[in-house]
Amino acid sequence: MAAPEPDPGRAPGTGSTPGTTADTDDNPGSAPDPAPGPEPLTVPSMSAGPDFVLRPWEMSDLPLIREASLDPYIPLITTIPAPYSEAAAEAFVRRQWERAATGAGYPFAIVRSRDRRPVGAIGLWLRELPEGRASLGYWLTDLARGQGVARAALRTVTGWALRDLGVPRLQLYIEPWNTASARIAEDIGFRREGLLRGWQQVGDERRDMAVYALLNSDGPVDGRAVTAD
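Residues numbered from 1 in each chain as written. Predicted model: local features only at pLDDT ≥ 70, side-chain atom pairs only at ≥ 80, totals over all residues. Heavy atoms only, no water.

## Some remarks on the side chain of Thr 79
- Inspection of the secondary structure assignment puts Thr 79 in the loop between α2 (74-77) and α3 (86-101).
- With relative accessibility at 10%, the residue Thr 79 sits in the buried group.
- At a separation of 3.0 Å, a polar atom in the side chain of Thr 79 contacts the side chain of Arg 95. (Helix = DSSP H or I, 4+ residues; strand = E, 2+ residues; numbered from the N terminus. Buried < 20%, exposed > 50% of the residue type's maximum accessible area, 1.4 Å probe, protein only. Polar contact = N/O pair within 3.5 Å; in protein donor to acceptor, adjacent residues only side chain to side chain.)

## Re the nonpolar core
- Grouped together as the largest cluster of nonpolar side chains are 41 residues, with contacts concentrated most on Leu 54, Phe 108, Ile 110, Ile 122, Leu 124, Leu 170 and Phe 190.
- Of all the secondary-structure elements, those providing two or more residues to this core are β2 (52-55), β3 (105-112), β4 (118-125), β5 (133-140), α4 (149-164), β6 (169-174), α5 (179-188) and β8 (205-215).
- For this core, the leading source of residues is α4, giving nine residues.
- Once you skip the residues sitting within four places of it in the chain, Phe 190 turns out to touch Leu 136, Thr 158, Leu 170, Gln 171, Leu 172, Ala 185, Tyr 212, Ala 213 and Leu 214.
- With 21 residues, the next largest nonpolar core counts Ile 65, Ala 68, Ala 89 and Ala 121 among its residues. (Core = buried A, V, L, I, M, F, W, Y, C linked by side-chain atoms within 4.5 Å. Contact = heavy atoms within 4.5 Å.)

So, in structure tokens, the structure goes:
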């Protein structure tokens, strides 16, 4: 799993994308106009190969949140509630809707095509888009691992972000022990650029994160062109 972008208000360094400074009006002593915020985003539904679909979060996804809450790692790097409660799970879904509505990013549920069962999540986070970069994060429940789910979802969102959205640089943060996620990232085209010491709070400790990046100018994503002709 690649460390997701923390939810706004829950971890240091998060927040909405800064707006531009508005001019004051002509009346002496008047307060400045509020800075315009990011535009609301519409989270699309899209195929992630023949076996999985990415779509916006729904209240019907509460069983996925319950399953994820029992995982020893997912609640440490996300705001999945642990212990689980229905009220906390509903609040989690509403936070995903709010992140799109405030322009913070695109949160997707990963759904298995054959039975429409949600099995994980992936997000594209745009907090640093004014600087030409965005970050990705994902997690899967235990039963979905080892089946190509992460690869399909990451390949799909990466290609969409680079080709359709024109993001100049994508970043992933992966704990050094997580060789499976590192291998998936490198297979798709991400390059390891270094180790960020004490980068992220995970549970009760700050942990190192390896940073992986892929530029729009790097060439094909997993064998396919990054930019449209």
